[in-house]
Amino acid sequence: MGLLSTLHQNLEVVLDLVFPPPKPWAEFRRIEGNLCHRCGYPFEAPQNIQIQKCSNCSDLTWYLDRAFSCYWMEGDPRKSVLEFKYHRQFYWRRRLGEALFEGFKTIYRPDKFEALVPVPLHFSKQRDRGFNQAEELALVLSPKVQLPVWNCLKRKRETLSQVSQDREKRLKNPQGSFEMTTRFDVRGRSLLIIDDVLTTGTTANECARVLREAGARSVAVLTVARGV
C-alpha cells in the first residue's frame, strides 16, 4: 500500500469523526437478469438462455473472460463516483468499495483469482487528481476478498475520457495505451481488473489484452457501475 493511500485512509477516519457518514443510496438501479457472458450487458431473453456475444461486444476481439458491474451509472451511484473522482469527496471511497464487494459476491469467487489489478491513470492525470480511484477502490475490496492489489499495468499515453466519445471512438481510444510494469510476473495467473465505471468495456479489454500477452491465464473485470 502506498503512502498516499495510507494518508487517504487516515483522512477517511478523520472525516468519519468530523462529518456524518454518507446517507445510504436511495436512488439506484441494479444490473440484474440475463447478462451477456462476455461483457456483462443485460438482454431480454428467457432465463435459461445464455448469450455468449451481444451487440455491445460482438464486434470486438475480446480478451476478458467475464465482465460485471453492480449498478447502472445513474442516481446515487453516479453522484458518488463523480464526487469521489473529480471533487475529492473521499468519504465515498468506502461506500463505493462496498458496492464493488456486492458485485464480487454476486458473480465471482475469491479462489478464482490471485490478485486485483487497478486500471492505471496516466501519471499526469494522477498527479493532478492526487490519486487513482481504481487503486483506492481495489484497496477497499482487497481485505474483503483476501486478494492482493497488483499495480502491474501502467498507462503509457493519456487518452480522452470514454464518457466524451461516441461508440466508434470509444472502441479505438484505449488501444495501445497500456503496458506492463517490470516488477510483476503474471504468467499463469488469474487476475481481476478493478475500475469505477465500465462503458463499452474497451478500456478493461485493452488492459486484459496486455495481461494476456504477458502470460496471464485468465482475466475478468469488476466495476461499481456501468454507463447507461
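Note that the structure is predicted; figures quoted are calculated from it, not measured.

**Concerning helix α7 (residues 202-213)**
Its 12 residues place the ends of α7 16 Å apart at the C-alpha level, agreeing with the 16 Å of an ideal helix rising 1.5 Å per residue. Counting buried positions along α7 gives 10 out of 12 residues, so the element sits mostly inside the fold. The complete set of buried residues in α7 reads Thr-202, Thr-203, Ala-204, Asn-205, Glu-206, Cys-207, Ala-208, Arg-209, Val-210 and Leu-211.

**Some details on helix α5 (residues 133-145)**
Since there are 3.6 residues in each turn of an α-helix, residues three or four apart along the chain are aligned in direction. Given a rise of 1.5 Å per residue, 13 residues ought to cover 18 Å, and the 18 Å separating the end C-alpha atoms of α5 matches this to within 8%. Across the 13 residues that make up α5, a large majority, 11, are buried. Every buried residue belonging to α5 is among Gln-133, Ala-134, Glu-135, Glu-136, Leu-137, Ala-138, Leu-139, Val-140, Leu-141, Ser-142 and Val-145, and all of these are buried. Structurally, the start of α5 carries an N-cap: the backbone nitrogen of Ala-134 is 3.0 Å from a side-chain oxygen of Asn-132. Where α5 terminates, the next one or two residues include Gln-146, which has phi positive at roughly 55°.

**Here we look at the sheet that holds strand β6 (residues 218-226)**
Across the sheet, which stays open at both edges, the four strands sit in the order β1-β6-β5-β2 with parallel pairing between neighbours. Edge positions in the open sheet fall to β1 (66-72) and β2 (115-118), since each of these has one partner strand only. If you compare each strand with its neighbour and ignore which way they point, the axes differ by 25° on average. The pairing of β2 with strand β5 (residues 190-198) spans four bridges and is classified as parallel. Counted as the bridge partner of Val-117 is Ile-193 from β5. In the packing of helix α3 (residues 92-107) onto the sheet, contacts are made with β1, β5 and β6, and the angle to β1 comes to roughly 130°.

**Describing the nonpolar core**
Counting residues in hydrophobic clusters, the biggest one holds 34 residues, and the most contacted among them are Leu-192 and Leu-222. Listed by contribution, the elements that provide at least two residues to this core are β1, α2 (75-87), α3, α5, β5 and β6. Residue contacts for Leu-192: discarding those within four places in its chain leaves Phe-104, Tyr-108, Phe-113, Ala-115, Leu-116, Val-117, Ala-220, Val-221 and Leu-222.

**Re the packing of aromatic side chains**
Taken as a whole, this structure holds 11 aromatic pairs when the rule is applied. Consider the rings of Phe-84 and Phe-131, whose centres lie 5.2 Å apart with planes at 45°: the pair is tilted. One end of the pair, Phe-84, is in helix α2; the other, Phe-131, is in the loop between α4 (123-129) and α5, and 47 residues separate them in sequence. The class of Phe-84 is buried, set by a relative accessible area of 1%. By the ring-pair criterion, three or more aromatic residues cluster together here, those being Trp-25, Phe-28 and Tyr-71. For Arg-95, the ring lying beneath its charged end belongs to Trp-25, and the centroid distance is 4.0 Å.

**Here we look at the confidence of the model for the protein**
Residues with a pLDDT of 70 or more make up 80% of the protein, whose mean pLDDT is 85. Across the protein, β2 holds the top mean pLDDT of 98, while helix α6 (residues 167-172) sits lowest at 52.

**Some details on the pairing of β1**
Within β1, six of the seven residues are buried, leaving the element largely enclosed by the surrounding structure. Direction of pairing for β1 relative to β6: parallel, over a ladder of six bridges. In the sheet register, Arg-66 faces β6, and the bridge partner there is Ala-220.

**Focus: the environment of Arg-226**
You can see Arg-226 is positioned in strand β6. Judged by relative accessible area, Arg-226 falls into the buried class, the value being 1%. For the pair formed by Arg-226 and Ser-69, sequence separation is 157 residues and the distance between their alpha carbons is 5.8 Å.

**Concerning the environment of Val-117**
Note that Val-117 resides in strand β2. In this structure the C-alpha to C-alpha distance between Val-117 and Pro-148, which are 31 residues apart in sequence, comes to 8.7 Å. Excluding anything up to four places from it in sequence, Val-117 contacts Trp-150, Cys-152, Leu-153, Leu-191, Leu-192, Ile-193 and Ile-194.

**Considerations on the pairing of β6**
Along β6, nine of the nine residues are buried, which leaves the element largely enclosed by surrounding structure. Examined bridge by bridge, β5 and β6 share eight bridges and lie parallel to one another. Looking at β6, one finds that Ser-190 is bridged to Ser-218. Tracing the backbone out of β5, into α7 and back to the parallel element β6 gives a crossover that is right-handed.

About the cut-offs
- Residues numbered from 1 in each chain as written.
- Predicted model: local features only at pLDDT ≥ 70, side-chain atom pairs only at ≥ 80, totals over all residues.
- Heavy atoms only, no water.
- Helix = DSSP H or I, 4+ residues; strand = E, 2+ residues; numbered from the N terminus.
- Expected span 1.5 Å × (residues − 1).
- Buried < 20%, exposed > 50% of the residue type's maximum accessible area, 1.4 Å probe, protein only.
- Polar contact = N/O pair within 3.5 Å; in protein donor to acceptor, adjacent residues only side chain to side chain.
- Pairing = 2+ DSSP bridges.
- Axes fitted to C-alpha atoms, helices over the stretch in contact; angles between N-to-C directions.
- Contact = heavy atoms within 4.5 Å.
- Core = buried A, V, L, I, M, F, W, Y, C linked by side-chain atoms within 4.5 Å.
- Phe/Tyr/Trp six-rings, centres within 6.5 Å; stacked < 30°, edge-to-face > 60°.
- Lys NZ or Arg CZ within 6 Å of the ring centre and 35° of its normal.
- pLDDT = per-residue confidence, 0-100.
- Right-handed = clockwise from strand over helix to strand, strands pointing away.

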